[in-house]
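Here's the letter readout for the chains.
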Amino acid sequence: MSSDRVMTLGAWTRPADMPDNLAAEVAGWANVARSPSGGGFYAHPGDPWREPGEGCLRAADVWNLVVEGESAPRFATDAPLPPRSNWAVARWSAGVWTVLSSGHVEARLVREQRKDRAERLVASRRWTRSDLELIQALLGTDAMARAALLAGDPGRERSLKSLVTLRLALVVETEDAETPDAARRILRGGADAAVWLDEDGRAVASDVLSWQVKRHARAENRQGRHAEERERGEDLKQSIATAVRNVFPGMPAEVAASAAARLAPSVAKLGRRPGTQNIVDAVVEIRLERWRQAIASDPEVETRLLAMQARGANGRVRKRFRDQRAAERVETEIRDWRGDLEPVTSRRFG
């Protein structure tokens, strides 16, 4: 027998408020049956919740139930249950349930078991929006007609199947002795089926819904923090671009933006604006790369490089010639951008 706190009894999840001794007893039965409406566990196969056979065992938390319009209570026992006992095992004998054993579980342990089950469900599956909408709708009422709940939505139909498989939601098409009053009224009103959450399912579903709300809140907070970080990054780049334009008044805006992007990581690390020499070095590095690419397609340079190649000059000489032409153009460009300001020589120019 499993020692798991949330062990199963037959095909059903063990109720959280079921005492350990009674759960162990039910788990040892050769046959474990339960009404589609939930409720008690029965030791006989078939439909014992409709007509229990002589000697049938029943474990449940509902006994001596008084129903409006009925003269005799349902699941009448031969003697009252002991004080504080909410679960009991009884045997059907001569038209009455004879109590054999009983017990109770502290409310704290019930809450812990339900929380444990909710955590397992949260960790083991992905909850869709349709799942959560269905849970929210069921939490807002005692029971609902299946057609009204699904409203012709295939997504909700799939979600309802999942909730039934997980033993969170209960669906019945015909009433029996275990069917709750709210579901019974819906069935008697002509609905094709009634859907509801039992006490365990309601508590677990509520925890799942709360977890999803917290998850969305955390995601929104992360997005907010990322948006703030992006905004701070853009402000930093704009500040650096302004500093670059102060050093090179004649520089185009797109070149200043490129220099700002190059300088932003070091500025964020050092926590201060770059000095004039750092700005000039960053601009020179960007412009040298640009001019190397441009010179390779320059007609005059291309002609001389082809001639050098025809003479057997190696690639190192061609690269040196290309870099020299690029450096000359960059020096001219930077001098023009500086205008009347005092020159600042890049370390690349020596």
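The coordinates are above.
Residues numbered from 1 in each chain as written. Predicted model: local features only at pLDDT ≥ 70, side-chain atom pairs only at ≥ 80, totals over all residues. Heavy atoms only, no water.

1. Looking at a negative patch on the surface
Piece 1. A surface patch of like charges, here negative, comprises E228, E229, E231, E234 and D235.
Piece 2. Secondary-structure assignment places E228 in helix α7 (residues 199-247).
Piece 3. Taking the relative accessible area as the measure of exposure, E228 reaches 45% and is therefore partly exposed. (Patch = residues over 30% accessible without salt bridge, like charges linked within 9 Å, V, L, I, M, F, W, Y side chains within 5 Å. Areas by Shrake-Rupley, 256 points an atom, 1.4 Å probe, with all protein chains shown as cover. Salt bridge = Lys/Arg side-chain N within 4 Å of Asp/Glu carboxyl O. Lys, Arg positive; Asp, Glu negative; His and termini not counted. Charge placed at Lys NZ, Arg CZ, Asp CG, Glu CD. Helix = DSSP H or I, 4+ residues; strand = E, 2+ residues; numbered from the N terminus. Buried < 20%, exposed > 50% of the residue type's maximum accessible area, 1.4 Å probe, protein only.)

2. Description of the nonpolar core
Piece 1. Formed by 32 residues in total, the largest nonpolar core has its most connected members in I240, V244, F248, M251, I279 and V283.
Piece 2. It is helix α9 (residues 276-295) that provides the largest number of residues to this core, a total of nine residues.
Piece 3. When residues no more than four places from it in sequence are discounted, the contact partners of M251 are V244, R245, A256, V283 and W337.
Piece 4. L9, L22, V172 and A183 belong to the second-largest nonpolar core, a separate cluster that totals 22 residues. (Core = buried A, V, L, I, M, F, W, Y, C linked by side-chain atoms within 4.5 Å. Contact = heavy atoms within 4.5 Å.)

3. So, the pattern of salt bridges
When the charged atoms of two side chains lie near each other, side chains of opposite charge can form a pair.
Piece 1. Under the definition given, this model contains 17 salt bridges.
Piece 2. Measuring nitrogen to oxygen at the nearest pair gives 2.4 Å for the salt bridge that ties R14 to D20.
Piece 3. A residue is classified by how much of its surface remains accessible, and R14, at 6% relative accessible area, is buried.
Piece 4. You can call D20 exposed: its relative accessible area is 53%.
Piece 5. Where E178 meets R58, a salt bridge forms, and the shortest distance between an N and an O atom there is 3.0 Å. Highlighted residues: E178 in the loop between β9 (169-172) and α6 (181-188) and R58 in strand β5 (residues 57-60), separated in sequence by 120 residues. With respect to burial, E178 and R58 carry one shared label: buried.
Piece 6. Salt bridges here are not isolated pairs; linked through shared partners, they connect E175, D181, R184 and R188.

4. Observations concerning the pairing of strand β10 (residues 194-197)
Piece 1. Judged by which residues are buried, β10 turns out to be covered on both faces: A194 and W196 on one side and V195 and L197 on the other are all buried.
Piece 2. In the sheet, strand β8 (residues 144-145) pairs with β10 via two bridges, with the strands oriented antiparallel. Within β10, the position partnered with A145 by the bridge is A194.
Piece 3. Inspection of the sheet shows β9 paired to β10 by four bridges, in the antiparallel sense. When the bridges of β10 are listed, V171 appears paired with V195. (Pairing = 2+ DSSP bridges.)

5. Observations concerning the packing of aromatic side chains
Piece 1. Applying the stated criterion across every chain yields a total of five aromatic pairs.
Piece 2. With centroids separated by 6.4 Å and ring planes inclined at 80 degrees, the aromatic side chains of F248 and W337 adopt a geometry described as edge-to-face. Here F248, found in the loop between α7 and α8 (253-270), pairs with W337, found in helix α11 (residues 315-338); they are 89 residues apart in sequence, far enough to count as distant. The residues F248 and W337 share a single accessibility class, namely buried.
Piece 3. The ring centre of W63 lies 4.5 Å from the NZ or CZ of R58, which sits over that ring. (Phe/Tyr/Trp six-rings, centres within 6.5 Å; stacked < 30°, edge-to-face > 60°. Lys NZ or Arg CZ within 6 Å of the ring centre and 35° of its normal.)

6. Notes on a positive patch on the surface
Piece 1. A contiguous patch of positive charge, built from K115, R126, K214, R215, R218 and R222, is present on the exposed surface.
Piece 2. No other element matches α7, which puts four residues into the positive patch.
Piece 3. Mapped onto the fold, K214 is located in helix α7.
Piece 4. For K214, a relative accessible area of 54% gives the class exposed.

7. Some thoughts on the side chain of S85
Piece 1. By secondary structure assignment, the location of S85 is in the loop between β5 and β6 (87-93).
Piece 2. A distance of 3.4 Å separates the side chain of S85 from the side chain of S102, its partner in a polar contact.
Piece 3. With residues up to four places along the chain from it excluded, the contact list for S85 reads S102, G103 and H104. (Polar contact = N/O pair within 3.5 Å; in protein donor to acceptor, adjacent residues only side chain to side chain.)

8. Considerations on unusual backbone geometry
Piece 1. The residue R84 is not glycine, and still its phi comes out positive at about 70 degrees.
Piece 2. For R84, the position within the fold is in the loop between β5 and β6.
Piece 3. Positioned with a positive phi, A94 is a non-glycine residue whose angle comes to about 55 degrees.
Piece 4. A residue is classified by how much of its surface remains accessible, and A94, at 70% relative accessible area, is exposed.

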